[in-house]
Amino acid sequence: EVRHEIALWRDYATVVIEASDSVIAQAQEMMRQGIHLKDALHVACAVSAQADCFVTTDRKLLNKLATIDRLKAMNPIVFIEEYEL
């Protein structure tokens, strides 16, 4: 079920980001701030893509991302309210 939902969201992706040296370096910096590997890579890709925001339901990750100025992080409810979807 989760994989199916993720596959549906992939249709919304407009940019594909490769795990370049820059992305990996950003992810490593985030890991030093206590962000788990896969989350750090995901966030680093969003930063690299200059995403408008990063949406997650992970409260711990949201709290950690609050200190990162390069990316606006929010939960899905706030995202829907803010972007009036």
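Look a little higher up for the structure.
Because the structure is a prediction, the values reported are computed rather than measured.

Student: What am I meant to see in the overall build of the protein chain here?
Tutor: For the protein chain, the count of helices and strands is 5 helices and 2 strands. Order of helices (α) and strands (β) in the protein chain, N terminus to C terminus: α-α-α-β-α-β-α. For 85 residues, the compact-globule estimate of 2.2 N^0.38 gives 12 Å, and the C-alpha radius of gyration of the protein chain, at 13 Å, lies within 12% of that figure. Counting across all 85 residues of the protein chain, residues that qualify as buried make up 22%. In the protein chain, the proportion of contacts linking residues at least 24 apart, taken out of those at least 6 apart, comes to 32%. A gap of 9 Å separates the mean positions of the 9 positive and 13 negative side-chain charges of the protein chain.

Student: What's the story with the environment of Asp69 in this structure? I'm lost.
Tutor: On the secondary structure map, Asp69 appears in the loop between helix 4 (59-65) and strand 2 (73-74). Asp69 gets classed as exposed once you look at its relative accessible area, which sits at 77%. Sequence spacing of Asp69 and Ile35 is 34 residues, and the spatial spacing of their C-alpha atoms is 15 Å.

Student: Sorry if this is basic, but what is going on with the side chain of Thr56 here?
Tutor: As for its position among the elements, Thr56 is in the loop between strand 1 (54-55) and helix 4. Of the residues examined, Thr56 reaches a relative accessible area of 13% and is grouped as buried. In terms of polar contacts, Thr56 uses its side chain to reach the backbone amide nitrogen of Asp58, at 3.1 Å. Once you skip the residues sitting within four places of it in the chain, Thr56 turns out to touch Leu61, Leu62, Met74, Asn75 and Pro76.

What counts as what
- All residue numbers refer to positions counted from 1 along the written sequence of the respective chain.
- Note on the predicted model: pLDDT of at least 70 is required for a residue's local features to be given, and 80 or more for side-chain atom pairs to be given and counted; whole-chain, interface and lining totals, by contrast, use all residues.
- The side-chain quantities take in all heavy atoms of the structure and omit both hydrogens and water.
- Strands are runs of DSSP state E lasting at least two residues, helices are runs of H or I lasting at least four, and both sets are numbered from the N terminus onward.
- Atoms counted for the radius of gyration: C-alpha only. Globule rule: 2.2 Å times residue count to the power 0.38.
- Between buried and exposed lies partly exposed: a residue is buried under 20% and exposed over 50% of the maximum accessible area for its type, with that area taken using a 1.4 Å probe on protein chains only.
- By definition in these notes, contact holds between two residues if any of their heavy atoms fall within 4.5 Å.
- The charge count treats Lys and Arg as positive and Asp and Glu as negative. His and the chain ends do not count.
- To locate a charge, take NZ of a lysine, CZ of an arginine, CG of an aspartate or CD of a glutamate.
- Polar contact is the term for a pair of N or O atoms within 3.5 Å; when the atoms are in protein, one must be able to donate a hydrogen and the other to accept it, and sequence-neighboring residues count only if both atoms are side-chain atoms.

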